[in-house]
Structures are given as C-alpha cells and as structure tokens.
Amino acid sequence: GHTQAASTSQRHDPLDAWNCLTHRNSSSGTSNSNAVASSSKQPLADWPVTIKDNFCTSDVPTTCASKMLADYRPTFDAAVVARLKAAGACIVGKTNLDEFAMGSSNVHSYFGPVKNPAKQNSNDEARAAGGSSGGAAASVRAGLCRVAIGSDTGGSIRLPASHCGVWGFKPSYGLISRWGLVSYADSLDTVGIAASSWQDARRTFQLLSGHDRRDPTSMHPRTRQKAARESQKQVDRIQQSARSRPDALHGLRVGIPHECFPAELHSQVLPPFERLVDFLTSKGATVIPCSLPNISLALSAYYVIATAEASSNLARYDGVRYGFQAGAKDDGREPAKTAAEVYARTRSQGFGREVQKRLLLGAHALSADAFDNTFLRSQEIRKVVQRDFDAVFRAPNVLRRSQADEREEGVDVLVHPCSVSSAPRLDATKASSSPMSEYVQDLLTVPSSLAGLPSVSMPTGVAEDDGWPVGTMLTAQWGMENVLDIVASVV
Ligand code: GLN
C-alpha cells in the first residue's frame, strides 16, 4: 500500500521550504530535458518552468495532489508541456495544488498545504498561497522558476497570483490546448500562466496559443483570425488616439463595475487598487463607472456547474482504469464482494473530503429532482452573466452568431480588486472554519470564467493593514488579449 509518509519523503526537497513542489524533475538537471542541445534560437531557451501537477508529464508522476493518482505515470506529455520543451524550456518540477484543482487556498492537497513565500522573513503566521494553483504562484514568487503553468477554472491562477504578489494570466477560453490537462470542469477549464513579469507571461502565452484538434474545445483557426482582426482594430484605435501624446493610455476606456465591491471585500485592499486607478488616469485613460447587474449570482451558478461537470469527469476514477484501488482486505473488513463495493471503497479512500463533498453536490445538481432548479437555472445565469459583459465592452463578442457592432460608449477593459482580502492565515483555513469563507474567495474571479474572458491578476502592492500582496484584475472581451496587453505593459 502507498502511504503518505513514503510519498512525502520521496519528494522531499530542501530547496522547497514552501511545499510548492510535488516532484522535482531530476532528469532535467542543467540542460533541457528533450535532450536537444538548447539553442539560443529557441524562444524559451533554458527558461526554468514549473508545471502544475494536473498536467500529464511522461518523465515525472502526475498526481493531481490526490491519493487516487499518487503513483500515476502518464505515457505522454500534455500539449503545453510538449510545446514548452520544444521551445527549449527546462521543466524543473511539478507544483502542488488543491486535489483535482478544487479549492481556493491550496490546503486540500494529499501533500499538505503550500506556504505563501511572499514575506519570507516575516514573523507573521504562515499564510495560504491561494488556490488551486498555489504551488504555481509560490514557485514563481520563491524564485524556483521563471514561469509557472497552472490551470484556471474559476480563478485558480489569478487568486494565488494575487496572494503571492505575481502575475497570473487566464487567457480566453479555448485559445490554449487543454489536451493532457486532467479535466475538472470542461466548460470552464483553461490553462493559466504565472510569472514575475507581464512580458514573460505574454511570451509564454504567444508560444502556447494555437489550435489543437486533440482538444475538442480548442478554438478553430477561423475564429482566431476573426478575433485577431477585431483586436487589431481596437488596438489601432487606441494607439491612434495616444499617438503624439505623452500619455500612453489616451483613448483607452477603463470600466469599474460597482458590483465588484461587495460587502465581503476588506477595505484594506482598496488603497493599492485606488493607486493603480490613479496611475491609469495619469496615463490618459478615461475611467468609467459601469454595471454588471447579474454577477452577484455568478458564484452560486459557478459552483453548481463546476461540481456537476466534475462529478461526471471524475467518474473515471473507479480503481480499475486508473491509479489507486482499495485493497481486497482493507480496514480489517471482509474483502469487497461486488464491483460496486470496490468502486465505493476506492473512491471513499482515494478522494479527500473536499473532492467527495463536491462530487456529491454535483451528482445532486444532475439528479432528476434537482436538475431544473439547480443545473438548468445555473446555465441560464451563466448566459445572463455573459450578456452583462457583452453589454459593457466596446468590442463585440466574435463568438456570438449575430455579430453586434462596436459600441462606442463601451469600455475596453474592466478593472477591480482580484480577491476580497489578502492571503488568509493557514490556521484559519482549517476544515473546522466555515467552508463558505473559502468559496467567497472566488467571488471576483468566477464571473470572467463563466464568460470565458481573458483576465489577468496584476500585482499591485500590499494590503494596508498586514503588508501582504494584493492583485488587481484586468479583464477584456473574448479574444482581446492585445487590448489587455496595452494596459498590462505600462503597469
Ligand atoms: N476555487 C475554485 C474552485 O474550487 C476555482 C478552482 C479552479 O479554478 N481550479 O472551483
């Protein structure tokens, strides 16, 4: 049998005091692991990169921080891993996460919680790194890599980036291939990028974005071209307006949705946000208050949709096809007599509590009694949230069949705080505290996930009271990464 102690000592790494790695890639050593002499022509030659441990890798295990997959070794590299290796990047290790990417604090991990490295010499109580890509953001902050690949279903790259004081970029849904990323909720899952500079995140995005026929949700080249034309038009207009002026953001319209300042928001995260808005104004941007009237419903709709999809996706872990299987004689009980008993024991022992809770919630939402009032209702909310975004942006949504015209009174980007507070203390994230306080962390990140929009958490200083990092979220219309870039490049 596999024990947690054995697996912990096997991956113990004195360099990783923050527990952000699940495995170090010893084979990569100093030269890059695809055994091709790295050449300076390769776009990411010798960049140290970490990969969240829910992406398949052929040279190190892929555990999803779950006992269920603690010994799972895929035979192939995920699409993004293959692209990174081909570009010369050096994969230094796999990063810790909430089990199967379900969580907001990276405390639901078979390998234990990630400690936030943002204030390394402080006497503060240990803080959470945020989740679920806590190991990814922490590995950037701690200097173990230049870029970290994570996943973002409802904020998983942006929230930890905000808590660790690094950049966390979730591109538009469908631009980067998810082939080889272990599914959580397919209609929301995206590949995310954490980095200590926007330039590094952008270069990585440019390398990874592209059509992949192995991922059925990968955006078709025609749609990409349409988005590229539209974003070029928007960028040209803004640059035209800023031309020959010292203020680089002249002509840029920045929306601040008032619903993104809910009662749950701690006032200490506001001063850094306000300084950022002042900076954008000083660069010539026009700041416009706006409204996304339905996003107060987004969090509940997200949790119904994400858990429903998860309950279907994770049905494959039955102890037969993958990974862990509960022993024939476990707990001193009678050996399992039926297949159903094997499945039940395997799933009760292989999955942690948070995952089990979500699988039950998701199965309930899909059950005949609850389907109309929970699952279908949540899909309707998702649609109105998408429409809310389409109604505030200047650029049309190129994914809509009837393509609307540009709306001159619309905004180019939205900004608001990324998280309701700075990183929570690890001891406050214990199972005994309210589970809702963890879900509330996602309040400001899930709306753009439901709408599939490009969204980046920018490091913007520290909270007034405790000195821990906070991020500002910047969101644009679908496919308008180049519009985001205008702002992110000057911040
Ligand atoms: N915290 C959210 C959840 O638990 C988002 C997680 C994610 O983006 N993977 O579902």
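Residues numbered from 1 in each chain as written. Predicted model: local features only at pLDDT ≥ 70, side-chain atom pairs only at ≥ 80, totals over all residues.

A. Layout of the overall build of the protein. Within the protein, the regular secondary structure consists of 14 helices and 11 strands. Rg of the C-alpha trace for the protein: 22 Å, near the compact-globule value of 23 Å for 491 residues, within the 12% margin. By principal-axis analysis of the C-alpha atoms, the protein measures approximately 75 × 60 × 50 Å. A total of 491 residues make up the protein; the buried ones form 54% of that total. Sequence separation of at least 24 residues holds for 76% of the intrachain contacts in the protein that already meet a minimum separation of 6. (Helix = DSSP H or I, 4+ residues; strand = E, 2+ residues; numbered from the N terminus. Rg over C-alpha atoms; globule rule 2.2 N^0.38 Å. Buried ≥ 20, exposed ≤ 12 C-beta atoms within 10 Å, placed from the backbone. Contact = placed C-beta atoms within 7 Å.)

B. Representation of unusual backbone geometry. The linkage connecting glycine 131 with the following residue, serine 132, adopts the cis geometry, with an omega of 5 degrees. Structurally, the position occupied by serine 132 is in the loop between strand 3 (90-95) and helix 3 (134-141). We note that aspartate 46 has phi near 65 degrees; this positive angle belongs to a residue other than glycine. Tracing the sequence through the fold places aspartate 46 in the loop between strand 1 (21-24) and strand 2 (48-52). Accessibility expressed as a C-beta count within 10 Å gives 15 for aspartate 46, which makes it partly exposed.

C. Expanded view of helix 5 (residues 198-208). Looking only at helix 5, the buried set comprises Trp198, Ala201, Arg202, Thr204 and Phe205. Along the long axis of helix 5, the arc covered by the buried residues comes to 165 degrees, so they all point the same way. The inward-facing, buried residues of helix 5 abut strand 4 (147-152), strand 5 (167-170), strand 6 (190-195) and helix 14 (481-488). (Arc of directions from axis to C-beta.)

D. Fine view of the pairing of strand 6. Counting buried positions along strand 6 gives 6 out of 6 residues, so the element sits mostly inside the fold. Going residue by residue along strand 6, you find Thr190, Gly192 and Ala194 tucked away on one face and Val191, Ile193 and Ala195 tucked away on the opposite face as well. By the bridge criterion, 3 bridges tie strand 5 to strand 6 in an arrangement that is antiparallel. If you follow glycine 168 over to strand 6, its bridge partner there is alanine 194. (Pairing = 2+ DSSP bridges.)

E. How the structure looks around the UniProt feature "active site" (unreviewed entry) in the protein. Taking the numbering used here, the UniProt-annotated feature "active site" (unreviewed entry) corresponds to Lys52, Ser132 and Ser156. For the residues just named, distributed over 105 residues, the greatest C-alpha separation is only 11.0 Å, placing them together at one site. With 31 C-beta atoms counted inside 10 Å, the residue lysine 52 sits in the buried group. Residues contacting lysine 52, with those up to four places away along its chain left out, are Thr95, Leu97, Ser133, Gly135, Ala136, Ile149, Gly150 and Ser151. Positionally, serine 156 belongs in the loop between strand 4 and helix 4 (158-164). Take serine 156: there are 36 C-beta atoms within 10 Å of it, and that puts it in the buried class. (UniProt positions renumbered as here; feature names shortened; annotations may be inferred.)

F. Up close: the environment of methionine 458. Take methionine 458: it is sitting in strand 10 (residues 455-462). The class for methionine 458 is buried, based on 23 C-beta atoms found within 10 Å. Separated by 227 residues in the primary sequence, methionine 458 and serine 231 have C-alpha atoms spaced 21 Å apart. Beyond its immediate chain neighbours, meaning those up to four positions away, methionine 458 contacts Trp167, Gly471, Thr472, Leu474, Ala488 and Val491.

G. The sheet that holds strand 8 (residues 286-290), seen in detail. The 11 strands lie next to each other as 1-3-2-4-6-5-10-11-9-7-8, forming an open sheet whose pairing is mixed. Edge positions in the sheet fall to strand 1 and strand 8, since each has one partner strand and no second. Mean inter-strand twist for the sheet, computed between neighbouring axes without regard to direction, equals 30 degrees. (Axes fitted to C-alpha atoms, helices over the stretch in contact; angles between N-to-C directions.)

H. View of the site of the ligand. As a structural note, the neighbourhood of the ligand is formed by 14 residues, with Ala101, Ser104, Thr153, Gly154 and Ser156 the closest of them. Partitioning the shell around the ligand into residue classes produces 4 nonpolar, 8 polar and 2 charged. (Near = placed C-beta within 6 Å. Nonpolar A, V, L, I, M, F, W, Y, C, P; charged D, E, K, R; others polar.)

I. Structural detail: the packing of helix 8 (residues 298-313) against helix 11 (residues 371-392). Between helix 8 and helix 11, whose axes approach to 9 Å, the crossing angle comes to 125 degrees. Here helix 11 runs oblique to helix 8, going by the angle between their axes. Between helix 8 and helix 11 lies a crossing whose hand is left-handed. Each of Ala298, Ala301, Val304, Ile305 and Ala308 in helix 8 lies in contact with helix 11, whose residues at this interface are Thr374, Phe375, Ser378, Ile381, Arg382 and Val385. (Parallel < 35°, antiparallel > 145°, perpendicular 65-115°, else oblique. Left-handed = near helix turned anticlockwise from the far one by under 90°.)

J. Molecular detail of helix 2 (residues 79-86). Summarising burial for helix 2: 6 of the 8 residues are buried, a large majority. Taken together, the buried positions of helix 2 are Ala79, Val80, Val81, Arg83, Leu84 and Lys85. Those residues of helix 2 hidden inside the fold are in contact with strand 2, strand 3, strand 4, strand 6 and helix 5. Backbone geometry just downstream of helix 2 places glycine 88 in the positive-phi region, at approximately 100 degrees.

K. Quick look at the confidence of the model for the protein. Taken over all residues, the pLDDT of the protein has a mean of 92, while the share at 70 or more is 93%. When the criterion is pLDDT under 50, residues 1-9 qualifies, and its contacts beyond four places in sequence or with other chains add up to 7 contacts. Residue range residues 29-35 is modelled with pLDDT below 50. Its contacts to residues more than four positions away, or to other chains, number 16 contacts. Predicted complex, confidence summary: ipTM 0.98, pTM 0.94. (pLDDT = per-residue confidence, 0-100.)

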